[in-house]
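Single-letter residue listing:
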Amino acid sequence: MLHCLCWLAILAVWLPPAHAADPWYGDKQRGWFWKEQPPPPPKPTPPQQQEVKPVVATPPASTQTPTATAEMAALKARLEEARNAAILRPTPPNVATYLAMQEQAMDSAMLFTDMAQRVRWADPTLDYSFTHPTAAGGVRVDRQLTRAEEKATLNAVAKENGIFFFFKQNCPFCVEQGRILQALREAYPITVMAVSLDGATNPYFPDAKPDNGIAARMGVQDAPAMFIVNPQTQASLPLGYGVVPLDEIESRIRRLVTQPPGVY
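Residues numbered from 1 in each chain as written. Predicted model: local features only at pLDDT ≥ 70, side-chain atom pairs only at ≥ 80, totals over all residues. Heavy atoms only, no water.

Side note on the nonpolar core
When a protein is soluble and globular, its nonpolar side chains tend to lie buried together.
Thinking step 1. In terms of nonpolar packing, the biggest core is built from 23 residues, with Ile163, Phe165, Leu181, Leu184, Met226, Ile249 and Ile253 touching the most fellow members.
Thinking step 2. Where this core is concerned, the elements lending two or more residues are α5 (136–157), β1 (162–167), α6 (172–187), β2 (191–196), β4 (225–230) and α8 (246–258).
Thinking step 3. With 4 residues, α6 is the largest single contributor of residues to this core.
Thinking step 4. Ignoring any residue separated from it by four or fewer positions in sequence, one finds methionine 226 in contact with Ile163, Phe164, Phe165, Gln177, Leu181, Pro238, Leu239, Gly240, Val244 and Ile249. (Core = buried A, V, L, I, M, F, W, Y, C linked by side-chain atoms within 4.5 Å. Buried < 20%, exposed > 50% of the residue type's maximum accessible area, 1.4 Å probe, protein only. Helix = DSSP H or I, 4+ residues; strand = E, 2+ residues; numbered from the N terminus. Contact = heavy atoms within 4.5 Å.)

Here you go:
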């Protein structure tokens, strides 16, 4: 009996606790000596693809100097904003801000005006008064020279050209223009051909001719009308409509005949 108890005590000490997991002892159906393959390794988990965020390139700060046009537009915008603020909210600070900005703008304009005058003084090609004086004495001399050129031009034109004068009845302006053209005919050796659009007469041109269709061919739109005409080439240039004074007729003939457009 004592011998059995000793074996039981030894067995109790040697055996592990019941809850301990012994892979070969607990699995008595297979035994510890079975030749089994080790369990397969776990399948590798594919790496998750990280979302690639696009890199937005930050544009470099502009180092280009703004144009003068852009600067002027910004200045006008600031001035207008200050003016509107002063009108809508006329507090002393708002009004003072606008007046100060307006004063600066006026100073800039005065500086430009002064510099422009200095540049013209130094360069006669930029000074209009060099060829067309504005001083009293210069204006008088310039007008004398111009009148002499006009008279010379009209005398030369009168040798090969004449004036067609179109008029109509019940037209006081036509009568007045007839008087002016009569004075022109007396001052220069130029032929004035008066043409009646409707068979009426003109006291200054009793020998006027009736319109035979020439008014339509020349494009006459109304009366009184004047055209300078070359009978040899049949070329014509309109001198104008309405009442045109004598000195203006002389000036227009000179410009049309001797000066290209844009030259005064």
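Structure shown, so let's carry the discussion forward.
Things to note about the packing of α5 against α8
Thinking step 1. Between α5 and α8, whose axes approach to 9 Å, the crossing angle comes to 70°. Taken together, the axes of α5 and α8 lie roughly perpendicular to each other. Contacts between α5 and α8 involve Arg143, Thr146, Arg147, Glu149, Glu150, Lys151, Thr153, Leu154 and Val157 from the first element and Asp247, Glu250, Ser251, Ile253, Arg254, Val257 and Thr258 from the second. (Axes fitted to C-alpha atoms, helices over the stretch in contact; angles between N-to-C directions. Parallel < 35°, antiparallel > 145°, perpendicular 65-115°, else oblique.)

Regarding the pattern of salt bridges
Pairing of side chains with opposite charge becomes possible as their charged atoms draw close.
Thinking step 1. Scanning the model with the defined rule gives 8 salt bridges in all.
Thinking step 2. The shortest N-O distance in the salt bridge between arginine 179 and glutamate 176 comes to 2.6 Å. Residue arginine 179 and its partner glutamate 176 are both found in helix α6; the two are separated by 3 residues, about one turn of the helix.
Thinking step 3. Given a relative accessible area of 37%, arginine 179 falls into the partly exposed group.
Thinking step 4. Members of the salt-bridge network, linked through shared partners, are Arg143, Arg147, Glu150 and Glu250. (Salt bridge = Lys/Arg side-chain N within 4 Å of Asp/Glu carboxyl O.)

Let's talk about the environment of cysteine 174
Thinking step 1. Within the secondary structure, cysteine 174 is located in helix α6.
Thinking step 2. Remark: the alpha-carbon pair of cysteine 174 and alanine 223, spanning 49 residues in sequence, is separated by 6.8 Å.
Thinking step 3. Once you skip the residues sitting within four places of it in the chain, cysteine 174 turns out to touch Phe165, Phe167, Lys168, Asn202, Ala223 and Pro224.

Details of the pairing of β4
Both faces of the sheet carry side chains from a regular strand, because those side chains alternate between them.
Thinking step 1. With respect to burial, β4 is a largely interior element, 6 of its 6 residues being buried.
Thinking step 2. Across the two faces of β4 the burial is the same, with Ala225, Phe227 and Val229 and Met226, Ile228 and Asn230 all buried.
Thinking step 3. Bridge analysis of β1 against β4 gives 5 bridges, and the strand direction is antiparallel. Across the sheet, the residue bridging to glycine 162 is valine 229, located in β4.
Thinking step 4. As defined by bridge partners, β4 adjoins strand β5 (residues 235–241) across 6 bridges and the pair is classed as antiparallel. Within β5, the position partnered with methionine 226 by the bridge is glycine 240.
Thinking step 5. Taking the residues that link successive antiparallel strands as the turn, the β4-β5 hairpin has 4 residues, and the phi of glutamine 234 there is positive, at about 60°. (Pairing = 2+ DSSP bridges.)

Overview of the environment of aspartate 127
Thinking step 1. Along the chain, the position of aspartate 127 falls in the loop between α3 (92–122) and α4 (128–131).
Thinking step 2. Here the alpha-carbon distance between aspartate 127 and glutamine 117, two residues 10 residues apart in the chain, equals 8.7 Å.
Thinking step 3. Within the local environment of aspartate 127, its side chain forms a polar contact with the side chain of serine 129, the two groups lying 2.6 Å apart. (Polar contact = N/O pair within 3.5 Å; in protein donor to acceptor, adjacent residues only side chain to side chain.)

Re the side chain of asparagine 202
Thinking step 1. By secondary structure assignment, the location of asparagine 202 is in the loop between β2 and β3 (209–210).
Thinking step 2. Judged by relative accessible area, which is 3%, asparagine 202 ranks as buried.
Thinking step 3. Separated by 3.3 Å, the side chain of asparagine 202 and the backbone oxygen of cysteine 174 make a polar contact.
Thinking step 4. One polar contact links the side chain of asparagine 202 to the main-chain amide nitrogen of tyrosine 204, over a distance of 3.0 Å.
Thinking step 5. Apart from residues no more than four positions distant in its own chain, asparagine 202 is found in contact with Phe165, Phe167, Cys174, Val175 and Gly178.

What to know about a nonpolar patch on the surface
Thinking step 1. Residues Met115, Val119 and Leu126 make up a contiguous nonpolar surface patch of about 260 Å² in total accessible area.
Thinking step 2. Here leucine 126 lies in the loop between α3 and α4.
Thinking step 3. According to the relative accessible area criterion, leucine 126 is partly exposed, its value standing at 46%. (Patch = residues over 30% accessible without salt bridge, like charges linked within 9 Å, V, L, I, M, F, W, Y side chains within 5 Å. Areas by Shrake-Rupley, 256 points an atom, 1.4 Å probe, with all protein chains shown as cover.)

Side note on unusual backbone geometry
Thinking step 1. The omega torsion of the bond from alanine 223 to proline 224 falls at 0°, within 30 degrees of zero and hence cis.
Thinking step 2. Locating proline 224 in the fold gives a position in the loop between α7 (214–218) and β4.
Thinking step 3. A positive phi angle, near 55°, is found at asparagine 170, a position not held by glycine.

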